[in-house]
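# Summary of structural features
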Amino acid sequence: MNIWLIISGVASLVVVLMCVAILLGRGDWLVYELRGDDRDKFNLARLRVVTAVEYLLMVLFLWVSHIFDFNAHISFFIGILLIAVLIGFIKGAWATK
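Thresholds applied
Position numbers for residues start from 1 in each chain and track the written sequence from start to end. Local features in this predicted model are restricted to residues of pLDDT 70 or higher, and side-chain atom pairs are both shown and tallied only at a pLDDT of 80 or more, whereas totals for entire chains, interfaces and linings draw on every residue. Here the side-chain values reflect all heavy atoms present in the structure, with hydrogen atoms and water set aside. Per the convention used, a helix needs a DSSP run of H or I reaching at least four residues, while a strand needs a run of E reaching at least two, with both numbered from the N terminus. Burial classes follow relative accessibility: with a 1.4 Å probe on protein chains only, a residue under 20% of its type's maximum area counts as buried, one over 50% as exposed, and anything between as partly exposed. A contact between two residues is defined here by any heavy atoms of the two lying within 4.5 Å. Only four residue types enter the charge count, namely Lys and Arg as positive and Asp and Glu as negative; His and the chain termini do not. A single reference atom marks each charge: NZ on Lys, CZ on Arg, CG on Asp, CD on Glu. We call a set of buried residues a nonpolar core when its members are Ala, Val, Leu, Ile, Met, Phe, Trp, Tyr or Cys and they connect through side-chain atoms within 4.5 Å of each other. Here a salt bridge means any side-chain nitrogen of Lys or Arg lying within 4 Å of a carboxyl oxygen belonging to Asp or Glu.

### Remarks on the overall build of the protein
When helices and strands are tallied, the protein shows three helices and zero strands. Reading the secondary structure of the protein in the N-to-C direction produces α-α-α. Counting only C-alpha atoms, the protein reaches 45 × 25 × 15 Å along its principal axes. Going through the 97 residues of the protein one by one, you find that 30% of them count as buried. If you take every contact in the protein between residues at least 6 apart in sequence, the share linking residues at least 24 apart comes to 63%. Positive and negative side-chain charges in the protein, numbering 8 and 7 respectively, have mean positions lying 7 Å apart.

### Focus on the nonpolar core
One finds Ile22, Leu30, Val31, Leu34, Phe42, Leu47 and Ala95 forming the largest nonpolar core, which totals seven residues. Dropping the residues within four chain positions of it, leucine 30 is found in contact with Met18, Ile22, Arg35 and Tyr55. Within the second largest apolar cluster, six residues are counted, among which are Val50, Phe76, Ile83 and Ile87.

### Some words on the pattern of salt bridges
Applying the stated rule across the entire model yields two salt bridges. Linking glutamate 54 and lysine 91 is a salt bridge whose minimum nitrogen-to-oxygen distance equals 3.2 Å. Taken together, the residues span a long stretch of sequence, with glutamate 54 in helix H2 (residues 44–67) and lysine 91 in helix H3 (residues 74–93) at a distance of 37 residues. We classify lysine 91 as buried; its relative accessible area is 11%.

The analysis is restricted to geometry; functional conclusions fall outside its scope.
Set out below in structure tokens:
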């Protein structure tokens, strides 16, 4: 078995557990927007959902990029950038009070 698959499988499991902790409210220290004084600007339930979905989309995109073997291409970086910009826009629009 390839060592990459073992490492990425364990890392993916850690990210999924981290997302579950965020959704249950136990992982607020993992969400950057909830660390400082900006906590009052956000709807906590929506921000938790958006952050958990962001982490899951990143892991899913990394797996898809590995399966279809476009790690070295510019499309990989464009995909990650698009996900980050989209989630940033959703955090600013939908997850605020």
